[in-house]
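One-letter residues, chain by chain:
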Amino acid sequence: MIKFKLFINKDEETEYLNEMAGKGYAMKGFAMGFYTFENCRPGEYIYQVDITEGLFRVSGDYRDFMREMGVEIVCLWGPWVILRKRAEEGPFEVYTDAESRIALYRRIRRMFLWAFGMIFLCSFSAWSLLFQYPEDIFSRGLVGTYIVILAVMLRAVWQCSWRIRELERQSR
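My aim in this report is to walk through the structure given alongside it, one point at a time. (Residues numbered from 1 in each chain as written. Predicted model: local features only at pLDDT ≥ 70, side-chain atom pairs only at ≥ 80, totals over all residues. Heavy atoms only, no water.)

What to know about the pairing of strand E2 (residues 25-31)
Using the following cut-off: Pairing between strands is defined by DSSP: at least two bridges between them are needed. Numbered from the N terminus, helices here are DSSP runs of H or I no shorter than four residues, and strands are runs of E no shorter than two.
Of the pairings in the sheet, the one linking E2 to strand E3 (residues 34-39) comprises 6 bridges and is antiparallel in character. Counterpart to phenylalanine 30 in the pairing with E3 is tyrosine 35.

Concerning the state of the cysteines
To keep it simple, the criterion reads: Two cysteine sulfurs form what is called a disulfide whenever their separation falls within 2.5 Å.
Scanning the entire structure with this criterion turns up 0 disulfides. Free of any disulfide, cysteine 40 has its nearest neighbouring cysteine sulfur in cysteine 75, separated by 16 Å.

Describing the sheet that holds strand E5 (residues 71-77)
The line we're drawing: Axis definition: a line fit to C-alpha positions, over the contact stretch in the case of helices; interaxial angles, taken between N-to-C directions, run 0 to 180 degrees. Contacts: residue pairs with any heavy atoms within 4.5 Å of one another.
The 3 strands lie next to each other as E4-E6-E5, forming an open sheet whose pairing is antiparallel. Each edge of the open sheet is held by one strand with a lone partner, namely strand E4 (45-51) and E5. Here the strands of the sheet are splayed against their neighbours by 25° on average, with no regard to which way each runs. In the sheet, E5 pairs with strand E6 (residues 80-86) via 6 bridges, with the strands oriented antiparallel. Each bridged residue has a counterpart across the sheet, and for leucine 76 the counterpart in E6 is valine 81. Against the sheet, helix H1 (residues 10-22) touches E4 and E6, its axis set at about 160° to E4. Its contacts with the sheet place helix H3 (residues 98-132) against E4 and E6, and it is angled at close to 55° to E4.

A word on the pairing of E6
The condition that has to hold: Type-normalised accessible area, obtained with a 1.4 Å probe on protein chains alone, sets the label of each residue: buried when under 20%, exposed when over 50%, and partly exposed for intermediate values.
In terms of residue burial, E6 counts as a mostly covered element, since 6 of its 7 residues are buried. Sheet analysis places E4 next to E6, joined by 7 bridges and oriented antiparallel. Note that in E6 the partner of tyrosine 47 across the bridge is arginine 84. In sequence, E5 turns back onto E6 through a hairpin of 2 residues, with glycine 78 there showing a positive phi of about 60°.

A word on unusual backbone geometry
Even without being a glycine, methionine 32 presents a positive backbone phi close to 50°. Within the secondary structure layout, methionine 32 lies in the loop between E2 and E3. Given a relative accessible area of 62%, methionine 32 falls into the exposed group.

Let's talk about a nonpolar patch on the surface
Note the threshold: Only residues above 30% relative accessible area that lack a salt bridge enter a patch, with like-charged residues linked at up to 9 Å and the nonpolar side chains Val, Leu, Ile, Met, Phe, Trp and Tyr linked at up to 5 Å. Using a 1.4 Å probe, the Shrake-Rupley method yields the accessible areas, and only the shown protein chains count as cover for residues. Here a salt bridge means any side-chain nitrogen of Lys or Arg lying within 4 Å of a carboxyl oxygen belonging to Asp or Glu.
Together, Ile2, Phe4, Leu6, Met32, Phe34, Leu55, Phe56 and Trp77 make up a nonpolar patch on the protein surface, roughly 910 Å² of accessible area in all. Along the chain, tryptophan 77 turns up in strand E5.

So, the sheet that holds E3
Pairing in this open sheet of 3 strands is antiparallel, and the strands run E1-E3-E2 from one edge to the other. The open sheet has two free edges, formed respectively by strand E1 (2-4) and E2, since each of these has just one partner strand. Between one strand and the next, the sheet's axes are offset by a mean angle of 30°, whatever the strand orientation. Summarising the sheet, E1 and E3 pair through 3 bridges and their orientation is antiparallel. Paired with isoleucine 2 across the bridge in E3 is threonine 36. Helix-sheet contacts for H1 involve E1, E2 and E3, and the interaxial angle to E3 is about 25°.

Next comes the structure, spelled out in structure tokens:
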């Protein structure tokens, strides 16, 4: 089965994958918003979403550590890594202490801030077109698209900041 969904929030994506596993669908692949699922026993797997330091790769140490923990790397997409473990082997959390979770959300926030900055810089050409051709539907649409994308990036930054503050409060 193939389903299309886009997430910018790793917690929402993790929840979605675990809901699908609970219904008997194990994720086996992902590309550009398209999740591929295969049948499994309901609740057979527990999923987690992690972020790596690179794009489309993880270190040998990371792979070895996950293998030792009984965790399978299902998919790499950009900086995202989707992991799963058999539920019968017990609970599955990649980051168990507040400090490591805060560091994770700071990395994710930094990634979205970088993306926001790059998209913002690229949007100048669209604004230039709009000022040159204010009646042109293409330039209006392009600026509108940039505004939506920038708003989505800001929402992701805000969500990460909120999660960091929440974790900091809990760890005091």
